[in-house]
Each structure stands twice: as structure tokens, then as C-alpha cells.
2 protein chains.
Amino acid sequence: MNSARLDATFAALADPTRRAILARLALGEASVGELTEPFAMSQPAISKHLKVLELAGLISRGRDAQRRPCRIEAAPLADANAWLEEYRQLWETRFANLDALLEELKAAEKKPVRRKSRPS
Amino acid sequence: MNSARLDATFAALADPTRRAILARLALGEASVGELTEPFAMSQPAISKHLKVLELAGLISRGRDAQRRPCRIEAAPLADANAWLEEYRQLWETRFANLDALLEELKAAEKKPVRRKSRPS
DNA sequence: AATTTCCATAACCAATAAGTTATGTAACGA
DNA sequence: TCGTTACATAACTTATTGGTTATGGAAATT
């Protein structure tokens, strides 16, 4: 629904490290240290990624002594999913239409048609 | 499946102008000029966005005299959708588990597990 | 009180992104 | 052939991104 929100969500998902972090968090909460370990990257770099994910609303953080356990938030994903799903359906039907059109043109091959895009 | 492909797809979707372009193309093919018109932006700017979409595989372009009609490509979207859907499901079950856990903790409240604060 | 652990923040750097204006170019129409 | 249309490309600017090292700060341990 909200465009800026979708911006942030998709931008956050555009980085493989952040997707890996989300994949890890899908298995359960994890501290920053635990999230840093599997990557060949400094801890501040991971902290930055976590901030991006947090600003996008994809994760939230708690407190457990010195640890800041991260957990996933499903809502923004649902929005992104809804957006994708909506257009994916449109595009697929669109493709179906296009295929039909191509078949039609193939059949009537003798006459090349110049037309602006307005298929029915 | 392919990480770089997902990178490009999500990055392409992270821009509202590009999402609007895709939404427009979902209604049918359009030329660059037609795509430029609704935006308060120069034609080269739109051409750049189109290149991003094309490199991500989200659109392809044909030839119709001087026009370069753009049409949508559904495949990368399906991949992005699949990724999202997979993790969305994981996350939702994860949340269900968390909720259950919280209920459990709430019920067994008498037993403080954390040695954070001394009992009074 | 001092130290250690866990994490955030600051300051910096190189690369990329998103826009601009100006210019080049392919195809059509007169 | 000449001009026009439709688009791409180049060159440039500014802002953002993704990484680094160095430092700071809160909470637990000793």
C-alpha cells in the first residue's frame, strides 16, 4: 500500500547478505554476534545491515543482557508479497493474451499489421 | 535460485518509478514515450529505468519503426515471489511458535528464568 | 572497581544510483 | 535528401550504499 514502505522493503531484500540474515532469522532469534559469525565481514557491517532491515520493519530487536536478539517481522513481507502477487497475476494473463495474439498473427501471416498497443 | 538475479530483481522493484512503469506495462505494451509521459522526469531518466528493468530481466524490448515497445517478463517475478513466499511461510510459522512460547512463559510465570534481577 | 563481552556509532572511502543537459543515431515522412 | 520523430548514449553532479577501522558505552563477571 505505502510506496515508501515498499521501497524500503524491496531495497532491503536486494542485498544477499541481508537475505541470508533473514533466512537465518527464519530459524529463530539470534544475537548480532551469532548473525555476524557466518559472514566474512566485520561486525559493524552486519550492524549496518541490521539497521537497514530494522528501518524497513523487517526485523525488530529486544534486550537480553548485553545481547540484542533480532527477530523477524512478517508484516512488510506480506505487503511485498501482495504487491508481487497482484502484478504477477496480471503479467501472466497478459502473457497468455500475448501468446494468443502471436498465434493469431502467425496464422494470418500474409498481412503485417501496424497497430498501437490496444489488444482486446 | 540465483542470488545475483534476485539482487537485480529486488533492486529494480525498490524504485517507485520502476514499479509504476511495471504497473503500466501490466496493462499492455508501451513505447518509451508513452512511459515517459505520466512522469515529471526527463526521457533519458526513464530510459535509464528501463535499462535497469531490462537488465533485471523484468522487461524486454522490441522494434516497431522508431519505437521500442516494452513488454513485461514474468519469470524473474516468479522467482522473487517464490523467495518471498517461502520465507513468509517460515516466518509466519515462526511467529506462531513464538506466540505459543510466550503463552507458555506467561503460564509458567512463577519461575523466573533470567538471572537478571534478584527476586524480591 | 576493573575487566570483559556485546554491540553501536563515528569517520572515512570507493562504488553505484538517480537525476540532469547535451548530443548522437536509426528509421520514417515529405 | 532533409527534417522529424523516437530513443539511446555521454558527461556530469549529488546522494546513497556497503564496506572498513577506531572508538564508545552498557551490562555482566570477577
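The rules behind these values
- Residues numbered from 1 in each chain as written.
- Chains lettered and ligands numbered in written order.
- Predicted model: local features only at pLDDT ≥ 70, side-chain atom pairs only at ≥ 80, totals over all residues.
- Heavy atoms only, no water.
- Helix = DSSP H or I, 4+ residues; strand = E, 2+ residues; numbered from the N terminus.
- Contact = heavy atoms within 4.5 Å.
- Areas by Shrake-Rupley, 256 points an atom, 1.4 Å probe, with all protein chains shown as cover.
- Salt bridge = Lys/Arg side-chain N within 4 Å of Asp/Glu carboxyl O.
- Buried < 20%, exposed > 50% of the residue type's maximum accessible area, 1.4 Å probe, protein only.
- Buried area = accessible area lost by both parts, 1.4 Å probe.
- Nonpolar A, V, L, I, M, F, W, Y, C, P; charged D, E, K, R; others polar.
- Least-squares fit on C-alpha atoms with pLDDT ≥ 70 in both.
- Near = heavy atom within 4 Å.
- Polar contact = N/O pair within 3.5 Å; in protein donor to acceptor, adjacent residues only side chain to side chain.
- Core = buried A, V, L, I, M, F, W, Y, C linked by side-chain atoms within 4.5 Å.
- pLDDT = per-residue confidence, 0-100.

This part is about the overall build of chain A. Helix and strand content of chain A: 5 helices and 2 strands. For chain A, the succession of helices and strands along the chain, N to C, is α-α-α-α-β-β-α. The long-range fraction of contacts in chain A, counting pairs at least 24 apart against all pairs at least 6 apart in sequence, stands at 49%. When the accessible surface of chain A is split by element, carbon and sulfur atoms take 53% of a total near 7,200 Å².

Two side chains bearing opposite charge may form a pair once their charged atoms approach each other closely. All names here are of chain A. Counted under the stated rule, the structure contains 6 salt bridges over all chains. Across the salt bridge formed by glutamate 29 and arginine 71, the nearest N and O atoms sit 4.0 Å from each other. Taken as a pair, glutamate 29 in the loop between helix H2 (16–26) and helix H3 (32–36) and arginine 71 in strand S2 (residues 70–72) lie far apart in primary sequence, 42 residues in all. Judged by relative accessible area, which is 35%, glutamate 29 ranks as partly exposed.

Attention now moves to the interface of chain B and chain A. Taken together, the contact pairs 39 residues of chain B with 40 residues of chain A. Together chain B and chain A conceal approximately 3,500 Å² of surface at their shared face, both sides included; 66% is due to carbon and sulfur atoms. Connecting chain B to chain A are 2 salt bridges. Salt-bridge contacts for arginine 19 of chain B lead to aspartate 7 of chain A; the nearest nitrogen and oxygen are separated by 2.7 Å. Of all the secondary-structure elements, those providing two or more residues to the side of chain B that touches chain A are helix H1 (3–13), helix H2 (16–25), strand S2 (70–72) and helix H5 (75–107) of chain B. Per-class residue counts for the side of chain B that touches chain A are 22 nonpolar, 3 polar and 14 charged.

Expressed as a screw transformation, the operator carrying chain B onto chain A has a rotation angle of 180° and an axial translation of 0.0 Å, and the superposed copies differ by an RMSD of 0.0 Å. The symmetry that links the two subunits is that of a two-fold axis. Mapped onto chain A, 95% of the interface residues of chain B are again interface residues, and the two copies thus contact each other with one and the same surface.

Near DNA strand D, the surroundings consist of 22 residues, among which Ser42, Lys48 and His49 of chain A together with Ser47 and Arg61 of chain B are the closest. Near-protein atoms of DNA strand D (within 4 Å) split between backbone and bases, with sugar and phosphate holding 63%. Within the contact set of DNA strand D, a phosphate oxygen lies 3.1 Å away from a side-chain nitrogen or oxygen of lysine 51 of chain B. In this structure, a base oxygen belonging to DNA strand D sits 3.3 Å away from a side-chain N or O atom of glutamine 66 of chain B. If you list the elements that add at least two residues to the surface near DNA strand D, you get helix H4 (43–55) of chain A together with helix H3 (32–36) and helix H4 (43–55) of chain B.

Here the focus is the protein's contact with DNA strand C. Near DNA strand C there are 22 residues, and of these Ser47 and Arg61 of chain A together with Ser42, Lys48 and His49 of chain B occur at the shortest range. Take the atoms of DNA strand C that sit within 4 Å of the protein: sugar and phosphate atoms are 63% of them. A distance of 2.6 Å is found between a phosphate oxygen of DNA strand C and a backbone nitrogen or oxygen belonging to glycine 33 of chain A. Take arginine 18 of chain B: an N or O atom from its side chain is 3.2 Å from a phosphate oxygen of DNA strand C. Breaking the surface near DNA strand C down by element, the ones donating at least two residues are H3 and H4 of chain A together with H4 of chain B. When the residues that make up the surface near DNA strand C are grouped by side-chain class, the tally is 6 nonpolar, 8 polar and 8 charged.

A few words now on the side chain of aspartate 15 of chain A. For aspartate 15 of chain A, the position within the fold is in the loop between helix H1 (3–13) and H2. A distance of 2.8 Å separates a polar side-chain atom of aspartate 15 of chain A from the backbone nitrogen of threonine 17 of chain A. Setting aside its immediate chain neighbours within four residues, aspartate 15 of chain A contacts His49 of chain A together with Asp7 of chain B.

Residue and element names in this part refer to chain A. One non-glycine residue, alanine 65, lies in positive phi territory at about 60°. One can find alanine 65 in the loop between strand S1 (59–61) and S2. Alanine 65 gets classed as partly exposed once you look at its relative accessible area, which sits at 48%.

By size, the foremost hydrophobic cluster in this structure holds 51 residues, and its most contacted members are Phe10 and Leu50 of chain A together with Phe10 and Leu50 of chain B. Residues contacting leucine 50 of chain B, with those up to four places away along its chain left out, are Ile21, Val32, Leu35, Ile59, Arg61 and Cys70 of chain B.

What follows deals with the confidence of the model for chain A. Residues and elements named next belong to chain A. For chain A, mean pLDDT is 81; residues scoring 70 or higher make up 75% of the total. Across chain A, the secondary-structure element scoring lowest on mean pLDDT is helix H5 (residues 75–107), at 67, and the one scoring highest is H4, at 98. Note on residues 101–120: pLDDT under 50 across the span, and 9 contacts to partners over four residues away in sequence or across chains.

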